[in-house]
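# Descriptive structure summary
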Amino acid sequence: QVQLVESGGGLVQAGGSLRLSCAASGSIFRINAFRANAMGWYRRAPGKQRELVATISSGFSTAYADSVKGRFTISRDNAKNTAFLQMNSLKPEDTAVYYCNMKAGSVNYWGQGTQVTVSS
């Protein structure tokens, strides 16, 4: 079975930066097809529903929520089966649990999330 593990969350002051990582492992068959799968980052802030933050396709095309455009960058390293989210100029409203997603055909895989807290 595929497992996604996020890391890199923590506490940062407004204006600071963090880089989140999402490492995929557990299934040789699925991991070997990592390069063909779309990846995404989602977040859920306190008292709010989960929202899409950024996506990256198998062809490395990217898309961002308006709230993070120009500040966040999504990327992937297929050789390492890993996706990243570089977050700059962080704001208190970015505080949330961030989740990694991998879409493999009709199946969606999710990580357990990593907490990002931005203080003012």
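Anything mentioned here points back to the structure above.
In short, a report on the structure. All of these numbers come straight from a predicted model, not from anything done at the bench.

Across its full length, the chain carries 1 helix and 11 strands. Put simply, the chain runs from its N terminus to its C terminus through helices and strands in the order β-β-β-α-β-β-β-β-β-β-β-β. Taken over C-alpha atoms, the radius of gyration comes to 14 Å for the chain, in line with the 14 Å a tight globule of 120 residues would show. For the chain, buried positions account for 42% of its 120 residues. Long-range contacts, defined as pairs at least 24 residues apart, comprise 54% of the intrachain contacts of the chain with a sequence gap of at least 6. When the accessible surface of the chain is totalled, it reaches about 6400 Å², and 48% of it is carbon and sulfur. Across the chain, the mean location of the 13 positive side-chain charges is 6 Å away from that of the 6 negative side-chain charges.

Ranked by internal contacts, the top residues of the largest apolar core, which has 30 residues, are Trp 41, Leu 85, Met 87 and Tyr 98. Those elements that provide at least two residues to this core are β3 (18–25), β4 (38–44), β5 (51–56), β7 (72–77), β8 (82–87), β9 (96–104) and β11 (114–119). For this core, the element with the most residues is β9, which contributes 5 residues. Those residues in contact with Tyr 98, other than ones at most four positions away along the chain, are Glu 6, Leu 20, Trp 41, Tyr 42, Arg 43, Val 53, Phe 72, Leu 85, Met 87, Gly 113, Thr 114 and Val 116.

Within the secondary structure layout, Arg 43 lies in strand β4. The buried category is assigned to Arg 43, whose relative accessible area is 6%. A distance of 2.7 Å separates polar atoms of two side chains, one belonging to Arg 43 and the other to Glu 51. A distance of 3.5 Å separates polar atoms of two side chains, one belonging to Arg 43 and the other to Ser 67.

We now examine the side chain of Thr 82. Looking at the secondary structure, you find Thr 82 in strand β8. By relative accessible area, which is 9% here, Thr 82 ends up buried. Here Lys 80 takes part through its backbone oxygen, which lies 2.8 Å from a polar atom of the side chain of Thr 82. Sequence-distant contacts of Thr 82, defined by excluding residues within four places in its chain, comprise Ser 21, Cys 22, Ala 23, Phe 34, Arg 76 and Asp 77.

The topology assignment puts Lys 91 in the loop between β8 and β9. For Lys 91, a relative accessible area of 35% translates into the label partly exposed. It is 9.8 Å that separates the C-alpha atoms of Lys 91 and Val 68, two residues lying 23 residues apart in sequence.

The antiparallel open sheet is built from 4 strands, whose spatial order is β1-β3-β8-β7. Of all the strands in the sheet, the pair left with one neighbour each is β1 (3–7) and β7. Shown here is a sheet whose adjacent strand axes are inclined to one another by a mean of 15 degrees, direction ignored. Pairing between β1 and β3: 5 bridges, direction antiparallel. What sits directly across from Val 5, in β3, is Ala 23.

Analysis parameters
- Residues numbered from 1 in each chain as written.
- Predicted model: local features only at pLDDT ≥ 70, side-chain atom pairs only at ≥ 80, totals over all residues.
- Heavy atoms only, no water.
- Helix = DSSP H or I, 4+ residues; strand = E, 2+ residues; numbered from the N terminus.
- Rg over C-alpha atoms; globule rule 2.2 N^0.38 Å.
- Buried < 20%, exposed > 50% of the residue type's maximum accessible area, 1.4 Å probe, protein only.
- Contact = heavy atoms within 4.5 Å.
- Areas by Shrake-Rupley, 256 points an atom, 1.4 Å probe, with all protein chains shown as cover.
- Lys, Arg positive; Asp, Glu negative; His and termini not counted.
- Charge placed at Lys NZ, Arg CZ, Asp CG, Glu CD.
- Core = buried A, V, L, I, M, F, W, Y, C linked by side-chain atoms within 4.5 Å.
- Polar contact = N/O pair within 3.5 Å; in protein donor to acceptor, adjacent residues only side chain to side chain.
- Pairing = 2+ DSSP bridges.
- Axes fitted to C-alpha atoms, helices over the stretch in contact; angles between N-to-C directions.

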